[in-house]
Amino acid sequence: MSSGWPDDTAEAPPRRTVPAPPAGPVGLPRLLSPAGLPGHAGLAEHLAAHGHRPAVPAEQGGRLAFVEEVDRAGLRGRGGAGFPTALKMAAVLAERGRPVVVANGTEGEPASAKDKVLLAKAPHLVLDGTELAAEAVGADEAVVVCHPAVLGLVQAALDERRRARLDGVGLRVVEAAEGFVAGEASAVVNWLRRGRPIPTRTPPRLSERGLYGRPTLVQNVETLAHLALVARFGADWYRSVGPPEEPGSLLVTLLGGVERPGVYEVAVGTTVSSVLEAGGGSAPTAQALLLGGYFGTWVDYGSASERPFSRAGLAPLGASPGAGLVAMLPADACGLAETARLARYLASQSAGQCGPCVFGLPAIASQLEALAAGEGFRRDLLVRWLAQVDGRGACAHPDGAVRLVRSALRVFREEVERHARGRCIAPPGRRVLPVPALGAVP
Amino acid sequence: MTRRLLRLRVDPILCDGRGLCAALLPELVGLDDWGFPIVSVEPVAPARLDEARAAVRACPKLALSLVPAELAVRRSDGGVSRPRPG
């Protein structure tokens, strides 16, 4: 167990008098390369860069004070939905029964890499945040669910902490299930409990009855890494980057037509064009952007480029930062063909539980394929099916697919006309967005 | 005694689209193109409550229920997008 603030040499952490937090690092990046270190940060590098984490006092007053600090920081979830972290913690804290914390590093979105990169480069920041979250809600157990690609690194980081006797909370690392919906919070809990990585119905909420029937706090791993820094340097430090209504930084995965695809950390509210510049940009050739994820929203490049990359900034476009994905569609690619491939992929990733999703998504994908191929597309049916599928699953999977397809029809409307006349701007076989190989296509 | 207002809810995981509810309650339950019910999320009129209860009992998958109308409508309640004629 860590003793307190990094420069605190006293034996016991001070009780009620909260010391002023140490000055945090200025500017960015915050998460990815502590003190300019490249690559993987082991425990020694992590401690040298950030110091020991403070502990949350194990009494209700101390826990509430910590949650209030997180609330003041304005930290929101980085898994896609952007829910305020403090509200989630307070909901779990208000329940009776011993809570459990789940750090969600499943990253089921096939094009997103930010959680894997974070877990590979700064696992201790995530583990710190997980322990802090557990202390804050009074959990005696926390599970870090990791994408298989980084499982070994995170397990090694946990072993390193054990050897250094820095393992306060009962922490364990579990391999995540693969698949698009496996990362949905209730699917993660279902995976841990029953080995079934598919969403469950609400109610009950996970905060009421989740893993082992206990109040469960599920947080994305990036959210927890931010939490680890808020605990060290305070809400004011966290708010020193980004706009006041949505402070902080976030990790983005850039892909598609950018020069250097990859994971970058940017301030929330940075203009979309600046976000792309982090990856080398290539604005002149940009046609459209897919924002948020494969459940996200297509936007026209011209109308998006100078907007802030934030919830408020993208809302007028019907988009959101989601899980931080920004995919750039170059001028010589076909947005309809790309969307048809994504729609078929999303259809294949249905958990298979709810009829409208099971039957509706393949039907929608078939219409898009017909549209992209310029053969026998029925717009009336597509529009009708989108309405019939929207909001009718136990989880938001069908809604995400609907959002994606509707935005494609809006942004690529000229393409829709062109395809109706049998023409497509893209050379045959041109593919930009990666989609995992599908098994038996339904 | 005033009776509480109730509305219909479909559990989308339990439901497998047998369609009995739509046959019994055509005014309150529509079907999508694959035969899955789209229910009205408005409170059920008191005069129709007995029929609605009968439909709830008739559902072979126990997927249809009546819940207090004041309960917030969740996206997964099966009726958010309202029956659409097309």
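Keep in mind it's a predicted model, so treat the numbers as computed, not measured.

Analysis parameters
- Residues numbered from 1 in each chain as written.
- Chains lettered and ligands numbered in written order.
- Predicted model: local features only at pLDDT ≥ 70, side-chain atom pairs only at ≥ 80, totals over all residues.
- Pairing = 2+ DSSP bridges.
- Helix = DSSP H or I, 4+ residues; strand = E, 2+ residues; numbered from the N terminus.
- Axes fitted to C-alpha atoms, helices over the stretch in contact; angles between N-to-C directions.
- Contact = placed C-beta atoms within 7 Å.
- Core = buried A, V, L, I, M, F, W, Y, C linked by C-beta atoms within 7 Å.
- Buried ≥ 20, exposed ≤ 12 C-beta atoms within 10 Å, placed from the backbone.
- Parallel < 35°, antiparallel > 145°, perpendicular 65-115°, else oblique.
- Nonpolar A, V, L, I, M, F, W, Y, C, P; charged D, E, K, R; others polar.
- Domains from an automatic or database assignment.
- Expected span 1.5 Å × (residues − 1).
- Bend = angle between axes of the 7 residues up to and from the residue.
- pLDDT = per-residue confidence, 0-100.

Looking at the sheet that holds strand 2 (residues 141–146) of chain A
Residues and elements named next belong to chain A. On the basis of which strands lie adjacent, the open sheet formed by 4 strands has the order 3-2-1-4 and parallel pairing. Two strands bound the open sheet, and with one partner strand each, they are strand 3 (170–175) and strand 4 (216–220). Recorded for the sheet is a direction-independent mean angle of 20° between the axes of neighbouring strands. Where strand 1 (residues 100–105) lies against strand 4, 5 bridges are found, and the strand directions are parallel. Across the sheet, residue Asn104 finds its bridge partner in strand 4, namely Asn220. This element, helix 8 (residues 221–238), spans strand 1 and strand 4 of the sheet and lies at about 90° to strand 4.

With respect to the nonpolar core
Within the largest apolar cluster, 144 residues are counted, with the highest numbers of intra-cluster contacts made by Leu289, Ala343 and Ile364 of chain A. Among the elements that make up this core, the one with the highest residue count is helix 8 of chain A (11 residues). In this structure Ala343 of chain A touches Ile364, Ala365, Leu368, Ala401, Leu404 and Val405 of chain A, once residues within four positions along its chain are discounted. If you look at the next biggest cluster of nonpolar residues, it comprises 17 residues, including Leu6, Val29, Ile38 and Val39 of chain B.

A closer look at the packing of helix 5 (residues 123–137) of chain A against helix 8 of chain A
Between two packed helices, the angle of one axis relative to the other and the distance separating the axes together describe the packing. Residue and element names in this part refer to chain A. Relative orientation of the contacting elements helix 5 and helix 8 amounts to 75°, with a least axis distance of 7 Å. It follows from the interaxial angle that helix 5 and helix 8 lie roughly perpendicular. In this structure, helix 5 uses Leu125, Val126, Asp128, Gly129, Thr130, Leu132 and Ala133 to contact helix 8, whose residues at the interface are Val221, Leu224, Ala225, Leu227, Ala228 and Ala231. In terms of residue class, the contact of helix 5 with helix 8 is made up of 10 nonpolar, 2 polar and 1 charged.

Brief notes about the environment of Gly179 of chain A
All names here are of chain A. Position of Gly179 among the secondary structure elements: in the loop between strand 3 and helix 7 (185–194). Here Gly179 falls in the buried class, since 20 other C-beta atoms lie within 10 Å of it. Sequence separation between Gly179 and Pro110 is 69 residues; the distance between their C-alpha atoms is 8.2 Å. The contacts of Gly179, once residues within four sequence positions are left out, are Gly108, Pro197 and Gln349.

Here's the deal with the domain arrangement of chain A
Residues and elements named next belong to chain A. Segmentation of chain A into domains returns domain 1 (34–238), domain 2 (249–330) and domain 3 (335–420). One C-alpha centre belongs to domain 1, the other to domain 3, and the line joining them spans 34 Å. Of the residues lining the interface, 8 residues belong to domain 1; the matching set on domain 3 comes to 7 residues. Taken together, the residues of the side of domain 1 that touches domain 3 sort by class into 4 nonpolar, 2 polar and 2 charged.

A few points about helix 8 of chain A
The α-helix advances 3.6 residues per turn, and as a result positions three or four apart in sequence lie on the same side. All names here are of chain A. The terminal C-alpha atoms of helix 8, which comprises 18 residues, lie only 17 Å apart, well short of the 26 Å expected from a rise of 1.5 Å per residue. At Arg232, helix 8 shows its maximal bend, which comes to roughly 95°. In terms of burial, helix 8 is a largely internal element, 16 of the 18 residues being buried.

Side note on the environment of Val252 of chain A
With respect to the helices and strands, the residue Val252 of chain A is situated in strand 5 (residues 249–256). Ignoring sequence-local partners within four residues, the contact set of Val252 of chain A consists of Lys114, Tyr264, Val266, Val275, Gly324 and Val326 of chain A.

Some points on the confidence of the model for chain B
Within chain B, residue pLDDT values average 85, and 80% of them lie at 70 or more. Two summary scores accompany this predicted model of the complex, namely pTM at 0.88 and ipTM at 0.87.

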